[in-house]
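Architecture and fold: a report
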Amino acid sequence: MKEKVHELTDADLTEKLASLKAELFNLRFSHATGQLSNPMQIQNVRRDIARVKTVIRERELRANKEVK
């Protein structure tokens, strides 16, 4: 996952972030109803969200640095 995130375009990153947030919502819902078999999935999705957000922020900072 780590290497693949850096290869995605900005639009793909935004789309990936939205899908990960939806997945996290569904996992939390399943966990609350007692249907989640592996609670570590929540932690893994949260880490993936953090990776995507980090790459988005790095690109924003790099773009701002190039403008100046």
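Quick look at the structure, then. Since we're looking at a predicted model, the values are computed, not measured. (Residues numbered from 1 in each chain as written. Predicted model: local features only at pLDDT ≥ 70, side-chain atom pairs only at ≥ 80, totals over all residues. Heavy atoms only, no water.)

Time to look at the side chain of D48. Among the secondary structure elements, D48 is positioned in helix 3 (residues 40-67). A polar side-chain atom of D48 sits 2.8 Å from a polar atom in the side chain of R51. Excluding residues within four positions of it along the chain, D48 makes contact with M1 and L20. (Helix = DSSP H or I, 4+ residues; strand = E, 2+ residues; numbered from the N terminus. Polar contact = N/O pair within 3.5 Å; in protein donor to acceptor, adjacent residues only side chain to side chain. Contact = heavy atoms within 4.5 Å.)

End to end, helix 3 covers 41 Å across 28 residues, agreeing with the expected 40 Å (1.5 Å per residue, within 8%). Every buried residue of helix 3 is listed here: I42, V45, D48, I49, V52, V55 and R59. (Expected span 1.5 Å × (residues − 1). Buried < 20%, exposed > 50% of the residue type's maximum accessible area, 1.4 Å probe, protein only.)

This brings us to the environment of L27. Inspection of the secondary structure puts L27 in helix 2 (residues 10-32). Distance in space between the C-alpha atoms of L27 and Q41 is 7.6 Å, their sequence separation being 14 residues. Setting aside anything within four residues of it in sequence, one finds L27 in contact with L36, Q41, I42 and V45.

Moving on, we come to the environment of E7. Among the secondary structure elements, E7 is positioned in helix 1 (residues 2-7). Overall, E7 belongs to the exposed group, its relative accessible area being 64%.

Turning next to the packing of aromatic side chains. By the definition in use, this model includes one aromatic pair. An angle of 25° between the planes, with centres 6.4 Å apart, marks the rings of F25 and F29 as stacked. Of this pair, F25 and F29 both sit in helix 2, four residues apart, which is roughly one turn of that helix. Side by side, F25 and F29 carry an identical accessibility label, which is exposed. (Phe/Tyr/Trp six-rings, centres within 6.5 Å; stacked < 30°, edge-to-face > 60°.)

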